[in-house]
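Structure assessment
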Amino acid sequence: MEDFQKILKKNKYKKINFKVSKTQHLLIKASINGISGNFILDTGASNSCVGFESIERFSLKARKSKTKASGAGATGMFTQLAKNNALKIGRWKTEEFHLVIFDMTHVNEALQQYKAKAVDGIIGADVLLEGKAIIDYSNHCLYLK
């Protein structure tokens, strides 16, 4: 495994640790516009998102969106969009990060039923694709380029 990590480092990948929650979600810390938060790392989510309650916290400029969101347990949810935000995960960062904003109540209520901590949002495939992500599940590491 050491050789694998050396190869990734040589190719300018940044190593980011994640935790696995009681609910088997991958949890990662990230900051949006300089404000730190807790996120689910979700390879099945097409877009990264936060809840409406996070608009002020992360200094988002929310705009109306015609897109409806759907996810596990909910469909047809009203959304807003916040463009051109700064996202930092570990030492990896991007400056033109777009976020979908929607009601994440159902997500956090489900986590609370299992006595797991609430999250501020979800890091989705948009970030994983941009960062050419490699997920090392056995060592709880995400690598982004």
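Our structure is the block above this text.
A brief look at the structure comes next. Please read these numbers as outputs of a predicted model, since none were measured by experiment.

What to know about the environment of L41
Locating L41 in the fold gives a position in strand 4 (residues 35-41). Residues L41 and I89, 48 residues apart in the sequence, show an inter-C-alpha distance of 11 Å. The residues contacting L41, other than those within four sequence positions of it, are F18, L26, I28, I123, L128 and L142.

Digging into the sheet that holds strand 1 (residues 14-17)
Read from one edge of the open sheet, three strands run 1-11-10, paired in antiparallel fashion. Each end of this open sheet is capped by a strand with a single partner; those strands are strand 1 and strand 10 (134-136). Here the average twist between neighbouring strands, direction ignored, is 25°. Judged from the three bridges that link them, strand 10 and strand 11 (residues 141-144) form a sheet pairing that is antiparallel. Bridge assignment links I134 to a residue of strand 11, and that residue is Y143.

Here we look at unusual backbone geometry
Residue N84 is not a glycine yet carries a positive backbone phi of 55°. Within the fold, N84 resides in strand 7 (residues 74-89). For N84, a relative accessible area of 52% puts it in the exposed group. With a phi angle near 50°, K132 is a residue other than glycine that sits in the positive phi range.

Looking at the nonpolar core
Counting 23 residues, the largest nonpolar core has I28, L87 and I89 as its most contacted members. Only strand 3 (26-32), strand 4, strand 7, strand 8 (92-102), helix 3 (125-130) and strand 11 provide two or more residues apiece to this core. Not counting chain neighbours up to four residues away, the residues in contact with I89 comprise I16, I28, K29, A30, I123, V127 and L144. Counting residues in hydrophobic clusters, the runner-up holds eleven residues, among them C49, V100, L111 and A116.

Things to note about the pattern of salt bridges
Inspection of the entire model under this criterion finds one salt bridge. Here D120 and R57 are joined by a salt bridge, their closest N and O atoms 2.6 Å apart. Of this pair, D120 sits in the loop between helix 2 (105-113) and strand 9 (121-123) while R57 is found in the loop between strand 5 (49-51) and strand 6 (62-71), placing the two residues 63 residues apart along the sequence. On the basis of relative accessible area, D120 is assigned to the buried category, the value being 15%. Since its relative accessible area comes to 37%, R57 is described here as partly exposed.

About the cut-offs
Residues numbered from 1 in each chain as written. Predicted model: local features only at pLDDT ≥ 70, side-chain atom pairs only at ≥ 80, totals over all residues. Heavy atoms only, no water. Helix = DSSP H or I, 4+ residues; strand = E, 2+ residues; numbered from the N terminus. Contact = heavy atoms within 4.5 Å. Pairing = 2+ DSSP bridges. Axes fitted to C-alpha atoms, helices over the stretch in contact; angles between N-to-C directions. Buried < 20%, exposed > 50% of the residue type's maximum accessible area, 1.4 Å probe, protein only. Core = buried A, V, L, I, M, F, W, Y, C linked by side-chain atoms within 4.5 Å. Salt bridge = Lys/Arg side-chain N within 4 Å of Asp/Glu carboxyl O.

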